[in-house]
Amino acid sequence: MEQNQVKIFDSTLRDGAQGQGISFSLEDKIKIVKVLDEMHIDYIEAGNPGSNPKDMEFFKRLKDVELKTSKLVAFGSTRKPNVTVEDDKSLKDLLLSGTDVIVVFGKSWDFQVTDIIKTSLDENIEMIKDTIKYLCKNGKEVFFDAEHFYDGYKENKDYAMSTLKAAEEAGAKAVVLCDTNGGTLPQDIYDITKAVKNEISGEIGIHSHDDMGMAVASSIMAVEAGAKQVQGTFIGIGERCGNANLSTIIPVLKLKFEYEILNNIDLVNLTKSARYIAEICNITLIDQSPFVGSSSFAHKGGMHIDAVTKAPRSYEHVAPEIVGNKRRFLVSEVSGKSTILQEIKKIFPNISKDDISVQKITDRLKELEYEGYQFEGAEGTIELVIRKIIGKYKPFFKLNHFKIIGEQPYGSEEFSSTAVINITVDGQNEMTAAEGEGPVNALDKAIRKALEVFYPELKKARLVDYKVRVLDSESATEAKVRVLIESTDGIENWSTVGVSRDVIQASWIALVDSIEYKLIKDIERKVKAYF
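Calculation rules
- Residues numbered from 1 in each chain as written.
- Predicted model: local features only at pLDDT ≥ 70, side-chain atom pairs only at ≥ 80, totals over all residues.
- Heavy atoms only, no water.
- Domains from an automatic or database assignment.
- Buried area = accessible area lost by both parts, 1.4 Å probe.
- Salt bridge = Lys/Arg side-chain N within 4 Å of Asp/Glu carboxyl O.
- Polar contact = N/O pair within 3.5 Å; in protein donor to acceptor, adjacent residues only side chain to side chain.
- Helix = DSSP H or I, 4+ residues; strand = E, 2+ residues; numbered from the N terminus.
- Nonpolar A, V, L, I, M, F, W, Y, C, P; charged D, E, K, R; others polar.
- Pairing = 2+ DSSP bridges.
- Axes fitted to C-alpha atoms, helices over the stretch in contact; angles between N-to-C directions.
- Phe/Tyr/Trp six-rings, centres within 6.5 Å; stacked < 30°, edge-to-face > 60°.
- Buried < 20%, exposed > 50% of the residue type's maximum accessible area, 1.4 Å probe, protein only.
- Lys NZ or Arg CZ within 6 Å of the ring centre and 35° of its normal.
- Expected span 1.5 Å × (residues − 1).
- Arc of directions from axis to C-beta.
- Contact = heavy atoms within 4.5 Å.
- Core = buried A, V, L, I, M, F, W, Y, C linked by side-chain atoms within 4.5 Å.
- Patch = residues over 30% accessible without salt bridge, like charges linked within 9 Å, V, L, I, M, F, W, Y side chains within 5 Å.
- Areas by Shrake-Rupley, 256 points an atom, 1.4 Å probe, with all protein chains shown as cover.

### Section: the domain arrangement of the chain
- According to the domain assignment, the chain contains domain 1 (5-265), domain 2 (298-390) and domain 3 (398-530).
- Just the C-alpha atoms count here: the centres of domain 2 and domain 3 sit 26 Å apart.
- Taking both sides of the interface into account, the surface hidden between domain 2 and domain 3 amounts to around 1,200 Å²; carbon and sulfur atoms contribute 50%.
- Here domain 2 and domain 3 share 3 salt bridges between them.
- Remark: the boundary between domain 2 and domain 3 carries 7 residue pairs in polar contact (both at pLDDT 80 or more).
- It is helix 15 (residues 379-390) that provides the largest number of residues to the side of domain 2 that touches domain 3, a total of 6 residues.
- Tallied by class, the residues present in the side of domain 2 that touches domain 3 amount to 4 nonpolar, 5 polar and 5 charged.

Dropping the structure here:
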């Protein structure tokens, strides 16, 4: 391997699946494998075939999935104490997985050997040797994950190193140093990795956890010290506080250190891939996520916006387009006409600053803010306001009426809500009803159910966040409320806002904006694809 090449090893489907609230179906896993392969990730750790029937079934399904660049990896443990490799069921399952690459983890901290798995230090060394030799004998490329390596090294350097040497001598292609507890400081990661590099002739990897919020920094420091393989999960999910976040590590290595990623990862798809994986995980990607978050290139302060429009590098360390993200100017009560103009130009690039509509849009947004609207996180609503004033807007449906029914049956603690809605699209009436967990959920289901008859593409859209804020609490139950909702179609996330003294009406305003924004974007995508 060249001096500045680094391999990327993704463990989203194994270590990531151990994160709180993460549960993958077989189809979810296959989708993630495909998107990681499209990103040219070197290794995809698909799971532990011996841990549960679902993982073994997944490996069977993967045999029919053709990958372009990535190598699939099966994960498992060294043999059990005082059991031969031939009799160890987990090793048999690893071979049955059918992958060419296998990762085995073993103990490198003497405390873990004597107090956790309750065996001798010598037996642990034999377990490492026997397992790796057995797998290599069966034609497998083997990586050894030295679990708790950094903790072990700090308490018993000689024993920790002996586990690595045993793995290397047995035929492991790489030894991976694990900061399993996530408690080692980045400088210590560097120093220890450097020391290991001087004693180990083969490839070294790094596997960091984020219990101190330093997994990315630790991984970078390990690479600087000589590690050539970086393990992590694509959006940082994993046990406890998560794993090293590859969507941050990859662009840092490529853009700041100019390391070559072995399979030439294309950063243009970074943001799209991170958001797609987050969608599959059924989690919302943190806005402030470096490179891929919705706030990564968001500017609010007038001075910042003015500077960025003149020279983006004044407040951006990389161009958002490089990582597939986009620049955002946040519209708020401190926004001036120039900020509004930038928002307009995203939709209508030929609008000049002297166009009368610019002032009209600015005035209208200020009026809405006075009424209680806040546009800082509601670009979908801003775009609709702009389109309405410029005259490039046509409603997709007409609401005739809707009714919300809430009831709590006698003797039951369950409160149910039903929404009945009547709409017209191109002269055709549609009336439908839906039950939901509360009135807003019922209304959301009902309007989508009615509109999907005319716009089936709405089946791909759903709400991912719903926030309500009381604006004038002194008015008690008559107070105005602001509802902010975030929606997604798996390709893009957008937010819309509604304000009213009635929370149902405020929610309705935000829901309608969300649906119309989605339909407009679908039309624009079709037009671009046609031309």
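From this point, the narrative continues.
### Examining the sheet that holds strand 17 (residues 493-500)
- Read across the open sheet, the 3 strands follow the order 15-16-17; overall the sheet is antiparallel. Among the strands making up the open sheet, the edge pair consists of strand 15 (462-470) and strand 17. Sheet twist, expressed as the mean angle between neighbouring strand axes with direction ignored, is 15°.

### Section: the packing of aromatic side chains
- Scanning the model with the defined rule gives 14 aromatic pairs in all.
- Ring geometry for Phe257 versus Tyr259: centroids 5.8 Å apart, planes at 35°, classification tilted.
- The exposure class of Phe257 is partly exposed, given its relative accessible area of 33%.
- Here Tyr259 falls in the buried class, since its relative accessible area comes to 11%.
- Consider the rings of Trp494 and Tyr517, whose centres lie 5.6 Å apart with planes at 35°: the pair is tilted. In this pair, Trp494 sits in strand 17 while Tyr517 sits in helix 17 (residues 503-530), placing the two residues 23 residues apart along the sequence.
- Taking NZ or CZ as reference, Arg14 lies 3.7 Å from the ring centre of Phe75, over its face.

### Thoughts on helix 8 (residues 186-197)
- When the terminal C-alpha atoms of helix 8 are compared, their 16 Å separation across 12 residues agrees well with the 16 Å that a helix rising 1.5 Å per residue should span.
- Buried within helix 8 are the following residues: Pro186, Ile189, Ile192, Thr193 and Val196. Looking down the long axis of helix 8, one finds its buried residues gathered within 125° of arc, a one-sided arrangement.
- Looking at the buried residues of helix 8, the elements they touch are helix 6 (149-155), helix 7 (157-170), strand 6 (174-179), strand 7 (203-208) and helix 9 (215-224).

### Section: helix 3 (residues 89-96)
- When we look at burial in helix 3, the residues that qualify are Ser90, Leu91, Asp93 and Leu94. Down the axis of helix 3, the sector holding all buried residues measures 155°, keeping them to one side. Pointing more than 90 degrees away from the buried face of helix 3 are the exposed residues Lys89 and Leu96.
- Where helix 3 ends, the next residue or the one after it, Gly98, has phi of about 85°, a positive value.

### With respect to the nonpolar core
- Among the nonpolar cores identified, the biggest contains 84 residues, and Phe144, Phe149, Leu164 and Phe234 are the most heavily contacted of them.
- In terms of residue count, the dominant contributor to this core is helix 7 (7 residues).
- When sequence neighbours within four positions are dropped, the list of residues in contact with Phe149 reads Ser108, Ala160, Met161, Leu164, Leu177, Cys178, Ile192 and Val196.
- Counting residues in hydrophobic clusters, the runner-up holds 30 residues, among them Ile423, Ile504, Leu511 and Ile520.

### Let's talk about a nonpolar patch on the surface
- On the surface, a nonpolar cluster with roughly 220 Å² of combined accessible area is contributed by Tyr466, Val468 and Val503.
- Structurally, Val468 is set in strand 15.
- Owing to a relative accessible area of 42%, Val468 belongs among the partly exposed residues under this scheme.

### Quick look at the sheet that holds strand 14 (residues 428-436)
- In space, the 3 strands of this open sheet follow the order 12-13-14, with antiparallel pairing throughout. The open sheet is flanked by strand 12 (398-407) and strand 14, the only strands paired with a single partner. Strand-to-strand, the axes of this sheet are offset by a mean angle of 10°, without reference to chain direction.
- Bridge count for strand 12 against strand 13 (residues 416-425) is 9 bridges, and the pairing is antiparallel. Paired with Leu399 across the strands is Ile423, a residue of strand 13.

### Brief notes about unusual backbone geometry
- Phi at Arg240 takes a positive value of approximately 55°, unusual for a residue other than glycine.
- Checked against the element boundaries, Arg240 lands in the loop between strand 8 (229-232) and helix 10 (246-256).
- For Arg240, a relative accessible area of 48% translates into the label partly exposed.
- Of note in the backbone geometry, Phe291 takes a positive phi value of approximately 70° without being a glycine.

### A few points about the side chain of Thr381
- Relative to the helices and strands, Thr381 resides in helix 15.
- Taking relative accessible area as the criterion, Thr381 reaches 4% and is therefore assigned buried.
- A distance of 2.9 Å separates a polar atom in the side chain of Thr381 from the backbone nitrogen of Val497.
- At 3.2 Å, the side chain of Thr381 forms a polar contact with the side chain of Asp513.
- What Thr381 contacts, discounting residues up to four positions off in sequence, is Phe375, Ser495, Thr496, Val497 and Asp513.

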